[in-house]
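# Architecture and fold: a report
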Amino acid sequence: MIARNKHHAKLFQRDENNPILTANDWHYPVNTVFNPGATLLKDGTTLLLCRAEDFRGHSHLTAARSLNGIDNWEIDPEPTLFADIENHPEETWGVEDPRITYVPEMDQYAVVYTSYSRGGPGVSLAMTKDFHRFERYGVIMSPEDKDAALLPRRINGRWVLIHRPVSGNVANIWISYSNDLRYWGDQKMILEARRGPWWDANKIGLSPPPIETAEGWLFMYHGVRQTPSGCIYRLGLALMELENPEVCIRRGNTWIFGPETSYEHNGDVNNVVFPCGYTIGADGDKLNIYYGAADNSIALATSSTRMLLDWLREDSVESDYIYSKASDTVLG
Ligand code: BMA
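Residues numbered from 1 in each chain as written. Predicted model: local features only at pLDDT ≥ 70, side-chain atom pairs only at ≥ 80, totals over all residues. Heavy atoms only, no water.

We now examine the overall build of the chain. Scanning the chain from N- to C-terminus turns up five helices and 22 strands. Taking the principal axes of its C-alpha atoms as reference, the chain extends roughly 55 × 45 × 45 Å. When the 332 residues of the chain are sorted by exposure, 56% land in the buried category. Of the roughly 14100 Å² of accessible surface on the chain, a fraction of 49% belongs to carbon and sulfur atoms. The positive charge centre, built from 31 side chains, and the negative charge centre, built from 44, are 5 Å apart in the chain. (Helix = DSSP H or I, 4+ residues; strand = E, 2+ residues; numbered from the N terminus. Buried < 20%, exposed > 50% of the residue type's maximum accessible area, 1.4 Å probe, protein only. Areas by Shrake-Rupley, 256 points an atom, 1.4 Å probe, with all protein chains shown as cover. Lys, Arg positive; Asp, Glu negative; His and termini not counted. Charge placed at Lys NZ, Arg CZ, Asp CG, Glu CD.)

Structural data, given as structure tokens:
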């Protein structure tokens, strides 16, 4: 285990300028900025769609653009995607936690976000070409559901959404399919929260959109550990089959990234690292992972797809052992 802890330190490198964006950088008053979606635009600019919380406690999304993805962010002077309560009452209490997927077939970006309705948080979709104008599709998963992302291409002719409905005290990761991005069905649970003392017990959710690799879809997912002094949000890995993402090839045992610095430990919600987006370097390997720190600021960590896949191969061995000897999923 000691070796693994050292390994963790090498998987994610925090940027020395962290946090890279805070409420002080905004052109208008906001309480906090966190949990940004991310994408690379065609000209190589990094675009973050940041969740900004106002002083009512309601959130909207604001775009920030940077040539190197690290600094000199140009932040939109006003909210980029603000709740449209008149036409979309499901956004009454704001819009949160976007995940961005570029969809080559449509030459558009899909923004999947939490729409916070009076009936609870649900999943909404908007398409955009430029992050200035958005075409809203409205609610695609009714409450309570969140932590959703679209895969960039159809599988067997259908669009694929990964999402996280809540039932009672348990929240697992599900998959749904659609022919037209509007009507969704054929829903199945694909990744289950563990139980007991596990770091990912009871409540898990997809973090950034899955990363397509030659070995499969790499899922970075968050686990929420409930403790007497509050929740701890950490990140783990699972690999799902490329042409059938319902099938889990392997899943890590230990978390790969968790709150360690003061800006991750202390904020409006303590002990949270919450990535909603990444960009991949020109080498097809280097990852810039953008995450919300303690629901307070935006931070950056770098990693490598290759390293994550290698780590997962090693760390999931024990998992096979555990599940073949005594599956706590079954016993739990
Ligand atoms: C989750 C999400 C995130 C938030 C996290 C910690 O349920 O709503 O937006 O960062 O809780 O508060």
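On we go from here.
Attention now goes to the layout of surface pockets. Put simply, the largest pocket is a space of about 420 Å³. What lines the largest pocket is a set of 21 residues, and nearest its centre among them are Thr39, Ile100, Thr101, Tyr102 and Tyr278. If you list the elements that add at least two residues to the lining of the largest pocket, you get β2 (32-40), β6 (95-103), β16 (211-213) and β20 (273-280). By residue number, the principal contributor to the lining of the largest pocket is β20, which donates four residues. The residue inventory of the lining of the largest pocket, partitioned by class, reads 15 nonpolar, four polar and two charged. Looking at the second largest pocket, its volume works out to about 320 Å³. Forming the walls of the second largest pocket are 21 residues, and the residues nearest its centre are Asp97, Lys146, Lys203, Tyr233 and Phe274. Elements with a minimum of two residues in the lining of the second largest pocket: β2, β6, β7 (108-117), β10 (145-150), β11 (159-167) and β17 (216-227). (1 Å grid on protein atoms, 1.4 Å probe; cavity = no way out; pocket = protein on both sides within 12 Å on 5 of 7 lines; lining within 4 Å. Points joined across faces, edges and corners; volume = space filled by probe spheres on them. Nonpolar A, V, L, I, M, F, W, Y, C, P; charged D, E, K, R; others polar.)

Residues of helix α3 (residues 305-315) that are buried include every one of Thr305, Leu308, Leu309, Trp311, Leu312 and Asp315, and no others. Projected onto a plane normal to the axis of α3, the buried residues spread over an arc of 165 degrees and lie on a single side. (Arc of directions from axis to C-beta.)

Within the largest apolar cluster, 23 residues are counted, with the highest numbers of intra-cluster contacts made by Phe12, Met220, Ile256 and Leu308. Among the secondary structure elements, those contributing two or more residues to this core are β17, β18 (230-240), β20, β21 (286-293), β22 (297-304) and α3. Grouped together as the second largest cluster of nonpolar side chains are 21 residues, Ile155, Tyr177, Ala238 and Met240 included. (Core = buried A, V, L, I, M, F, W, Y, C linked by side-chain atoms within 4.5 Å.)

This next bit is on the site of the ligand. Around the ligand, the neighbouring residues are Asn35, Arg51, Asp97, Lys146, Tyr233, Val269, Val272, Phe274 and Asp295. Interatomic distance of 3.0 Å between a side-chain N/O atom of Lys146 and an oxygen atom of the ligand. Asp295 has a polar side-chain atom sitting 2.6 Å from an oxygen atom of the ligand. With the chains in place, 86% of the 300 Å² that the ligand exposes on its own is no longer accessible. In this structure the site holding the ligand corresponds to the second largest pocket. Considering only residue class, the shell around the ligand consists of four nonpolar, one polar and four charged. (Near = heavy atom within 4 Å. Polar contact = N/O pair within 3.5 Å; in protein donor to acceptor, adjacent residues only side chain to side chain. Sits in = over half its atoms within 2 Å of the grid points.)

Most of strand β4 (residues 59-66) is tucked away: eight of the eight residues are buried. In β4, alternate side chains face the same way, and those of Ser59, Leu61, Ala63 and Arg65 on one face and His60, Thr62, Ala64 and Ser66 on the other are all buried. The sheet contact formed by strand β3 (residues 46-53) and β4 spans eight bridges and is antiparallel. Counterpart to Leu48 in the pairing with β4 is Ala64. If you look at the hairpin formed by β3 and β4, you'll find five residues sitting between the two strands, and Gly57 has a positive phi there, around 100 degrees. In the sheet, β4 pairs with strand β5 (residues 74-75) via two bridges, with the strands oriented antiparallel. Across the sheet, Arg65 pairs through a bridge with Glu74, a residue of β5. (Pairing = 2+ DSSP bridges.)

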